[in-house]
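# A closer look at the structure
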Amino acid sequence: LSPILARSDVFTIVSTDFCHWGNRFGYAPTSSASFSSHDGSDGDDDDVTTKMNIHEYIEWLDKLGMTHIEAQRPGAFADYLRMYSNTICGRHPIAVWLNAIVCKSNNETKEKEEKNDTTKAINGDDDGDLDVSFVRYAQSGQVMSTRESSVSYASAVARKRRG
């Protein structure tokens, strides 16, 4: 997949809902118990003990996963899914895409290094040649009760960085 994504005439869309929360989805965690807020970005493993509204917890949960996608860290995204079991329908296409763009970037870096170019490797000081950012987030409802349900939606754009 990496060679295809590397082509300049290819435009890729990865589309998915995010959290499907509620008893009808079989997934209804809340912040009533402490949960880890560690997202890998600040180096701290603080526990969040403040009780959130359910819709706030869902947003926190979704945005934690979104940070790993934006950082183009497939391993961190996989760890997040294992830890929280978030019901992201497109988790597998997202993981395939993340691994493909990381592989593409690593291959391009190796080629440039072989040509004595001083390009930084992905996951070092530079996150590769893509800038991934989420531009919109919404929930189908602001869940306040365990009797309610909600589906989250998020949109991201990945653009080639200008060098």
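Residues numbered from 1 in each chain as written. Predicted model: local features only at pLDDT ≥ 70, side-chain atom pairs only at ≥ 80, totals over all residues. Heavy atoms only, no water.

### Remarks on the pattern of salt bridges
What counts, and what does not: We define a salt bridge as a contact between a side-chain nitrogen of Lys or Arg and a carboxyl oxygen of Asp or Glu at a distance within 4 Å. For the purposes of this entry, the term helix denotes a DSSP run of H or I that reaches at least four residues, the term strand denotes a run of E that reaches at least two, and both are numbered from the N terminus. Burial here depends on accessible area, computed with a 1.4 Å probe over protein chains only, as a share of the maximum for the residue type. Under 20% is buried, over 50% is exposed, and the range in between is partly exposed.
Using the criterion set out here, one finds 2 salt bridges in the structure. One salt bridge in this structure joins K63 and E59, with 2.7 Å as the shortest N-O distance. Placement of the pair is K63 and E59 together in helix 2 (residues 54-70), with a separation of 4 residues, close to one helical turn. Residue classification places K63 among the partly exposed residues on the basis of a relative accessible area of 37%. Across the salt bridge formed by R82 and D79, the nearest N and O atoms sit 2.5 Å from each other. Of this pair, R82 and D79 both sit in helix 3 (residues 74-84), separated by 3 residues, roughly a single helical turn. On the basis of relative accessibility, which here comes to 44%, the residue D79 falls in the partly exposed class.

### Comments concerning the sheet that holds strand 5 (residues 150-160)
To be explicit about the condition: At least two bridges found by DSSP between two strands is the condition for calling them paired. Helix axes use the C-alpha atoms of the stretch in contact, all axes being lines fitted to C-alpha atoms, and the angles between their N-to-C directions lie in the range 0 to 180 degrees.
Strand order in the open sheet made by the 3 strands is 1-5-4, with antiparallel pairing throughout. The sheet terminates laterally at strand 1 (17-21) and strand 4 (130-139), the two strands that pair on one side only. Going from strand to strand, the sheet's axes swing by 20 degrees on average, the running direction of each strand aside. Of the pairings in the sheet, the one linking strand 4 to strand 5 comprises 9 bridges and is antiparallel in character. Bridge pairing in strand 5 links Y137 to A154.

### A look at the environment of V151
Just so we agree on the cut-off: For this analysis, residues touch if any pair of their heavy atoms sits within 4.5 Å.
For V151, the location among the structural elements is in strand 5. Look at V151 and you get buried, because its relative accessible area is 9%. Along the backbone, V151 and C19 are 132 residues apart, and their C-alpha atoms lie at a distance of 5.6 Å. Look past the residues within four positions of V151 in its chain and what remains in contact with it is D17, C19, H20, F25, A138, Q139 and S140.

### What to know about the environment of T87
Quick reminder of the rule: Throughout this description, a polar contact denotes any pair of N or O atoms lying within 3.5 Å of each other; where both atoms belong to protein, one of them has to be capable of donating a hydrogen while the other can accept it, and for residues adjacent in sequence the pair is counted only when both atoms sit in side chains.
Along the chain, the position of T87 falls in the loop between helix 3 and helix 4 (91-114). Within the local environment of T87, its side chain forms a polar contact with the backbone nitrogen of H20, the two atoms lying 2.7 Å apart.

### Some words on unusual backbone geometry
Backbone geometry places Q72, a non-glycine residue, at a positive phi of 60 degrees. Of note, Q72 is situated in the loop between helix 2 and helix 3. A positive phi angle, near 55 degrees, is found at S85, a position not held by glycine. Note that S85 resides in the loop between helix 3 and helix 4. Note on S85: relative accessible area 44%, which makes it partly exposed.

### Some thoughts on the nonpolar core
Across soluble globular proteins, nonpolar side chains have a tendency to be buried as a group. The test is simple: Among buried residues, those of type Ala, Val, Leu, Ile, Met, Phe, Trp, Tyr and Cys that are joined through side-chain atoms within 4.5 Å constitute a nonpolar core.
In terms of nonpolar packing, the biggest core is built from 29 residues, with L61, I69, F77, Y80 and Y84 touching the most fellow members. Those elements giving two or more residues to this core turn out to be strand 1, helix 2, helix 3, helix 4 and strand 4. Of all the elements, helix 2 adds the most residues to this core, at 8 residues. Setting aside anything within four residues of it in sequence, one finds L61 in contact with C19, Y27, Y80, Y84 and N86.

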